[in-house]
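# Overview (structure and organization)
Now for the letters of each chain:
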Amino acid sequence: MMTMMMMMILDTGILEAVARDFFDSKVTLKILNQNVEEERTGKKEHVVFCLHNEERGRNEIKERTSEDSQKDKELKIKQAGVNIQKFVPRLRTTGTRLDKYFTIVHPQVTFTISSIRKFINSQFVLKARRDKLPKSWNQRPLMKLRGQMVWMEGLQCMLYLCSPKLRSLEELEEQQMHLSDIAQHDMTRDLILFNQQRLAEIELSNQLERKKEELRILSKNLDAEKKKSEALLYSMLPKHVANQLKEGHKVEAGDFSSCTILFSDVVTFTNICSVCEPIQIVKMLNSMYSKFDRLTSVHGVYKVETIGDAYMVVGGVPVPVPSHTERVANFALGMRISVREVMNPITQEPIQVMEIT
């Protein structure tokens, strides 16, 4: 009450100042009636006041929210639209009370004519009651209506201009409705179609993002496979030759005036193969060749080929160097040292390697 009185005093001062400065008039404001009513959201205070212009006479202005203390009208339905009767069949009966089949969702007011008139400029949202609908419709979402309340003073009745509260085609299908059930001038049609277009654009954007992610993963896997193929190609050919072949260039044969070639094989390899299992031979050769391959990088020689137990390297090819003989010799010494760690599967002693340069 204290807050309301302070607001009224403030409004009085503003009105008097406006009348004096803009209209050169003197006005006074007097409260005629003041009451408190219970609404769903709590107590609401309504004030009726009188604005008196001392120069032009007396003029009364009432707030829209103020109401006479007359008896409230009954919420009986006089007429309902054909389309709404399809979805709430009992509205066909004349004299049915509206509050028995619907509740007010927005604004939060009591379902009476007087309360509705206090918020006549608001958009009203009504929701159907589940217990008043046919049992076969229990799986459907409850219908919501939204629209404007219009007070018909001459007929002493309220006109509710409404349409279904729908946002998408999915909601339209859930209510088992069609676009033709909505009035052509109703913006709900455009809202549903625009929202459907927006959902389609969002879905398209999501699909593009998924495709983009798939392409990124495929590109990553392709790069990994490309590196594997390059590593395999470089292990078979000199790097500069492999690069020329990748670029589609023709590789010409080269002439080398001098180079050093080394051949090596395992002593008694045939006897070992006749006694051992194949997997044992594979493990032995893999261990030996892995050590030899590391030595080629250390001494700068090129591995030409491996056939069975034979291992062939060359110095001074494909890149000519004057110290090719020294490099191959150091590689041969490294081979003798490294094979000490490779065991014969039969005797479990270090294998022996024969070298020819």
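Remember, predicted model here, so these are calculated numbers, not experimental data.

Time to look at the packing of helix H5 (residues 187-236) against helix H6 (residues 239-246). Following both chains from N to C, one finds H5 and H6 inclined at 130 degrees, their axes separated by 8 Å at the closest point. With respect to H6, the element H5 is oriented oblique. The chirality of how H5 crosses H6 is right-handed. Contacts from Glu230, Leu233 and Tyr234 in H5 reach Lys239, Ala242, Asn243 and Lys246 in H6. Its residues assigned to classes, the contact of H5 with H6 comprises three nonpolar, one polar and three charged.

Okay, the pairing of strand S6 (residues 144-152) next. Relative to S6, strand S5 (residues 123-128) runs antiparallel, the two being bridged by five bridges. Following the sheet pairing, Phe124 is matched in S6 by Gly147. Of the pairings in the sheet, the one linking S6 to strand S7 (residues 157-164) comprises eight bridges and is antiparallel in character. Note on S7: the bridge partner recorded for Val150 is Leu159.

Next up on the list: the sheet that holds S6. Backbone-to-backbone hydrogen bonds pair the strands of a sheet. The strands run either parallel or antiparallel. Pairing is antiparallel in the open sheet, where four strands are placed in the order S4-S5-S6-S7. Edge strands, defined here as strands with exactly one partner in the open sheet, are strand S4 (102-106) and S7. With direction set aside, neighbouring strand axes in the sheet form an average angle of 40 degrees.

Glancing now at the sheet that holds strand S8 (residues 260-266). Strand order in this open sheet of four strands is S9-S10-S8-S11, and the pairing throughout is antiparallel. At either margin of the open sheet sits one strand with a lone partner, and together these are strand S9 (302-307) and strand S11 (353-356). In this sheet, neighbouring strand axes are inclined to one another by 20 degrees on average, regardless of whether the strands run parallel or antiparallel. Where S8 lies against strand S10 (residues 310-315), five bridges are found, and the strand directions are antiparallel.

This part covers the environment of His240. In this structure, His240 sits in helix H6. Here His240 falls in the partly exposed class, since its relative accessible area comes to 37%. Placed 79 residues apart in sequence, His240 and Val319 show a C-alpha to C-alpha distance of 9.8 Å.

Turning to a nonpolar patch on the surface, a few remarks are in order. Together, Ile261, Phe263, Val267, Met354 and Ile356 make up an exposed nonpolar region whose accessible area comes to about 410 Å². Within the residue set of the nonpolar patch, elements represented by two or more residues are S8 and S11. Residue position: Phe263 is located in strand S8. A relative accessible area of 42% places Phe263 in the partly exposed class.

Across all of its chains, the model carries eight salt bridges by this definition. A salt bridge links Glu225 to Lys228; the nearest nitrogen and oxygen atoms lie 3.7 Å apart. With a gap of three residues between them, Glu225 and Lys228 both fall in helix H5, about one helical turn apart. Overall, Lys228 belongs to the exposed group, its relative accessible area being 54%. In this structure, the salt-bridge partner of Lys246 is Glu230, at a minimum N-O distance of 2.8 Å. Residue Lys246 is located in helix H6, and its partner Glu230 is located in helix H5; the two are separated by 16 residues in the primary sequence.

The rules behind each value
- Residues numbered from 1 in each chain as written.
- Predicted model: local features only at pLDDT ≥ 70, side-chain atom pairs only at ≥ 80, totals over all residues.
- Heavy atoms only, no water.
- Axes fitted to C-alpha atoms, helices over the stretch in contact; angles between N-to-C directions.
- Helix = DSSP H or I, 4+ residues; strand = E, 2+ residues; numbered from the N terminus.
- Parallel < 35°, antiparallel > 145°, perpendicular 65-115°, else oblique.
- Left-handed = near helix turned anticlockwise from the far one by under 90°.
- Contact = heavy atoms within 4.5 Å.
- Nonpolar A, V, L, I, M, F, W, Y, C, P; charged D, E, K, R; others polar.
- Pairing = 2+ DSSP bridges.
- Buried < 20%, exposed > 50% of the residue type's maximum accessible area, 1.4 Å probe, protein only.
- Patch = residues over 30% accessible without salt bridge, like charges linked within 9 Å, V, L, I, M, F, W, Y side chains within 5 Å.
- Areas by Shrake-Rupley, 256 points an atom, 1.4 Å probe, with all protein chains shown as cover.
- Salt bridge = Lys/Arg side-chain N within 4 Å of Asp/Glu carboxyl O.

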